Every structure is written in C-alpha cells, then in structure tokens.
Amino acid sequence: MADLEQCVIIGSGPAGWTAAIYAARANLEPLCIIGVPRSDPAPVLPGGQLMLTTEVENYPGFPDGITGPEMMSMFQKQAERFGTRVVGEDVTNCDFSGSHHLLTTSSGTEIQARSVIIATGATANWLGLENELRLATSGGGVSACAVCDGALPMFRDKPLGVVGGGDSAMEEASYLAKFASTVHVIHRRGEFRASKAMQDRILGGSNVEVHWNKSVTDVLGDSMIEAVQLEDTVTGDPSQLELSGLFIAIGHTPASAFLADSGIEMDEKGYIVLKGRDSHTNIEGVFAAGDVADQIYRQAITAAGMGCQAALDAERYLNES
Ligand code: NAP
C-alpha cells in the first residue's frame, strides 16, 4: 500500500481545485483524483459541468469572460503550481470505517488518507435527445443553466424555452424573463411541482407563456436551435415552437453513487448532508464541497468558496487530530 496521504481530494471542478490550491499552500501535499471522461448521456469530463460551458461571464476576475474549459485548466495549473498531485482515475470505493480512510480507484489502487474532501459535483439531467445534446455541447443555444448562460448576447430579446415544472424551472424562467422577448415554459403535466411562491413569480409575468402537458420530442436547428418539436402528453398531438434558446431544468443528479456503502450521510436524492454551515460530513476527517453537497446555489463561485472552506476545515482537523 502507498504512503499515508494527508489530504485526498476527489473531484476536479471549481470546488475540488480550490480545495487543492488551499490544501497545497498549507503544505498538505494534496492528491487530487480527477475522474475519467464518460457519457451520461451528455459528456461528463474531469473539470465537471464547466467543461460543457462555452462562456463564463459571472465569475469575478474575468471582465471579458472566459470559456469553462479554459477556466478549469487555469484552476488546475494553479493547484499544480503549489504541488498538487493529480490522478486521472475514478474512485470506485470508499471505506471510512478504519482509523485511516481507504479509497480504491478504478485501476484497483488503494489509497490511505487522513482526510478526504469529496467534491465530485453533480450532473444536470438532460432529456436525452440526440439533437439536444449536440447543440448543448457545441454552443448551439441549448443549456442546463440559465444563470450561467442566459445573459449571453445571443439570447437577448429572443423567444427562449424552459423545460421543467420544479423550482429550478421557475427560477430559470424568471431569470430569463429579464432578457427574453418571451419565455416559454414547457411542462409535461398540467400542474407545476414548484412551490406556490416560485410559481407566482412566473405565472404573473407579462412575457411568460406556459405550455402545459407538452413534452419535447426533438430539438431542431443545424448549428443553432431554431425550434422544438412538441408532443401533447394527453392527446399525443404534435406541434412546433420556434425558439432561439432552450434551457433544460429537469433536476440534477449528484455524483455520489460511489459513496453508497460508505456510511456518508446523504439525503434521499444523494446529496451529501453537511453538518451546519461548514464542510464536515457525519464522518470524521471527511469533508464535502460544491454541488455534491449543494442543490440550492450550484454556481462555480459558490463551489469554489465551499472548496476553500473544506480545505481549511481539513487543515484544522489534521492539526487537531
Ligand atoms: P425537481 O423539483 O425534481 O423538478 C424537476 C422537474 O422536471 C419536475 O417538474 C419534473 O416533472 C420535470 N422533469 C423531470 N424529468 C423530466 C423529463 N425527463 N422530461 C420532462 N420533464 C421532466 O428539480 P428542481 O426544480 O431542480 O429542484 C430540485 C430541488 O432544489 C427541489 O427540492 C427544489 O425545491 C430545490 N430548489 C429550490 C430553489 C429555491 O428555493 N430558490 C431553487 C431551485 C431548486 P414532474 O413534475 O412531472 O415530475
């Protein structure tokens, strides 16, 4: 078995790299396990959701914007500059029952660690349509985050669609209503599951139109979305709706399946439960940061802040134990 690590970070999005920068500067010589690319059904890459984001305009410090992949590459370089070591594998099993934490990676390598920071993020759920994923990954006007992408010039004063009927869909619709000519909320049932307060925010909007009982069966357009093909979920009738942008808001899935037998406390959706306002999980020496433990904010900047907290908490834990 390899040497005992002080701090192992699982994940390589803004939370993971920020934790690595702080841990490395605190001389913890962190090992960052960054994952391997896969499809789910959209690509899931080391670097996380920002790897699928064309333009990031809301991260402070980049007045002209920056692409998501460029930003993640800069985060990684900064972490490596202070000595972070990087392993391009997945963690497949975690044993937190012993005095030291034991992680197994996809190659079967076992890693012992005094502290572990879990920053594996979450993936947006997609409808799973071929053209939806093609346009989402090529900057073609399909996105799973209105707050990230909605303010881009290409969406200004244009008809935009939001798919979903939960709080996220309401929030995205109300955000987009500031820029769009019309926001079309497309929901597969005849009522929303969002809270009443969130529903009221959009149902009263002068430029919001709700399409009840409609599912999206295709996304039309070559390099840019031009329309969606709809099907009435009650009558089966087909229709088309012209759109210049489509925002999928049908929930997220936290990347926590590998923790299933670990004893880490998670909620019913698989989000890691944090103890209070810091990054402690229910297991000593195991911390969590970013979207795997946050279904409210889900922003690069909040994930980075949580990564910082986790590294500071881990450092304090290591000093005291
Ligand atoms: P959610 O509550 O699970 O809602 C997902 C929505 O997407 C549902 O309306 C669902 O339809 C629809 N949907 C799911 N799969 C679909 C598919 N394949 N095709 C079409 N529609 C599909 O997810 P969420 O809105 O992301 O919210 C997640 C959690 O975060 C919730 O607890 C929410 O309260 C919370 N949240 C809170 C705030 C806030 O308070 N500011 C903001 C955002 C999120 P059905 O209704 O038919 O199932």
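Because the structure is predicted, anything quoted here is derived from the model rather than measured.

Reading the values: rules and limits
Residues numbered from 1 in each chain as written. Predicted model: local features only at pLDDT ≥ 70, side-chain atom pairs only at ≥ 80, totals over all residues. Heavy atoms only, no water. Helix = DSSP H or I, 4+ residues; strand = E, 2+ residues; numbered from the N terminus. Rg over C-alpha atoms; globule rule 2.2 N^0.38 Å. Contact = heavy atoms within 4.5 Å. Lys, Arg positive; Asp, Glu negative; His and termini not counted. Charge placed at Lys NZ, Arg CZ, Asp CG, Glu CD. Buried < 20%, exposed > 50% of the residue type's maximum accessible area, 1.4 Å probe, protein only. Pairing = 2+ DSSP bridges. Near = heavy atom within 4 Å. Polar contact = N/O pair within 3.5 Å; in protein donor to acceptor, adjacent residues only side chain to side chain. Areas by Shrake-Rupley, 256 points an atom, 1.4 Å probe, with all protein chains shown as cover. 1 Å grid on protein atoms, 1.4 Å probe; cavity = no way out; pocket = protein on both sides within 12 Å on 5 of 7 lines; lining within 4 Å. Sits in = over half its atoms within 2 Å of the grid points. Nonpolar A, V, L, I, M, F, W, Y, C, P; charged D, E, K, R; others polar. Axes fitted to C-alpha atoms, helices over the stretch in contact; angles between N-to-C directions. Phe/Tyr/Trp six-rings, centres within 6.5 Å; stacked < 30°, edge-to-face > 60°. Lys NZ or Arg CZ within 6 Å of the ring centre and 35° of its normal. Salt bridge = Lys/Arg side-chain N within 4 Å of Asp/Glu carboxyl O.

Caption draft 1: How the structure looks around the overall build of the chain. Of regular secondary structure, the chain possesses seven helices and 19 strands. Over its C-alpha trace the chain gives a radius of gyration of 21 Å, about what one expects of a compact globule, namely 20 Å for 321 residues. Within the chain, contacts between residues at least 6 apart in sequence are counted, and of these 58% link residues at least 24 apart. If the 21 positive side-chain charges of the chain are averaged to one point and the 41 negative ones to another, these points end up 5 Å apart.

Caption draft 2: Local environment of the environment of His100. Along the chain, His100 falls in the loop between strand 6 (91-95) and strand 7 (101-105). When its relative accessible area of 32% is taken as the criterion, His100 is described as partly exposed. Residues in contact with His100, not counting those within four places in the same chain, are Leu4, Asp95, Gln112, Ala113 and Arg114.

Caption draft 3: Highlighting the pairing of strand 17 (residues 245-248). Here strand 17 shows no split at all, with Gly245 and Phe247 on one side and Leu246 and Ile248 on the other all buried. Pairing between strand 10 (residues 142-143) and strand 17: two bridges, direction parallel. Bridge assignment links Val142 to a residue of strand 17, and that residue is Leu246. Pairing analysis gives four bridges linking strand 11 (residues 159-163) to strand 17, with the strands arranged parallel. Within the sheet, the bridge partner assigned to Gly161 lies in strand 17 and is Leu246.

Caption draft 4: The site of the ligand, seen in detail. The ligand sits among 17 residues. The nearest are Asp167, Ser168, Arg188, Arg189 and Arg193. Within the backbone of Gly166, an N or O atom sits 3.3 Å from an oxygen atom of the ligand. At 3.2 Å from an oxygen atom of the ligand is found a side-chain nitrogen or oxygen belonging to Gln295. Burial of the ligand by the protein amounts to 74% of the accessible area it has alone, namely 920 Å². Most atoms of the ligand, that is more than half of them, are within 2 Å of grid points of the second largest pocket. A per-element tally of the shell around the ligand places helix 5 (residues 167-176) first, with three residues. Taken together, the residues that form the shell around the ligand break down as four nonpolar, seven polar and six charged.

Caption draft 5: The sheet that holds strand 13 (residues 208-211), seen in detail. Read across the open sheet, the five strands follow the order 10-17-11-12-13; overall the sheet is parallel. Of all the strands in the sheet, just strand 10 and strand 13 have a single pairing partner and so form its edges. Sheet strands touched by helix 5: strand 11, strand 12 (182-186) and strand 17. Its angle to strand 11, the strand with the most contacts, is close to 170°.

Caption draft 6: Focus on the packing of aromatic side chains. One pass over the full model with this rule turns up six aromatic pairs. Centre to centre, the rings of Phe287 and Tyr317 are 6.0 Å apart; their planes meet at 70°, and the pair counts as edge-to-face. Pair noted here: Phe287 is in strand 19 (residues 286-288) and Tyr317 is in helix 7 (residues 300-320), with a separation of 30 residues, a long-range link. A relative accessible area of 18% places Tyr317 in the buried class. Its end group placed over the ring of Phe82, Arg25 keeps NZ or CZ at 5.3 Å from the ring centre.

Caption draft 7: Structural detail: the pattern of salt bridges. Scanning all chains against the criterion turns up six salt bridges. Residues Arg85 and Glu5 are paired through a salt bridge, measuring 2.5 Å at the closest nitrogen-oxygen approach. Placement of the pair is Arg85 in strand 5 (residues 85-87) and Glu5 in strand 1 (residues 4-10), with a sequence separation of 80 residues. A salt bridge links Glu265 to Lys275; the shortest N-O distance between them is 3.0 Å. Of this pair, Glu265 sits in the loop between strand 18 (252-254) and strand 19 while Lys275 sits in the loop between strand 18 and strand 19; the two residues are 10 residues apart in sequence, bridging distant segments of the chain. Classification of Glu265 by relative accessible area gives partly exposed; the value is 33%.

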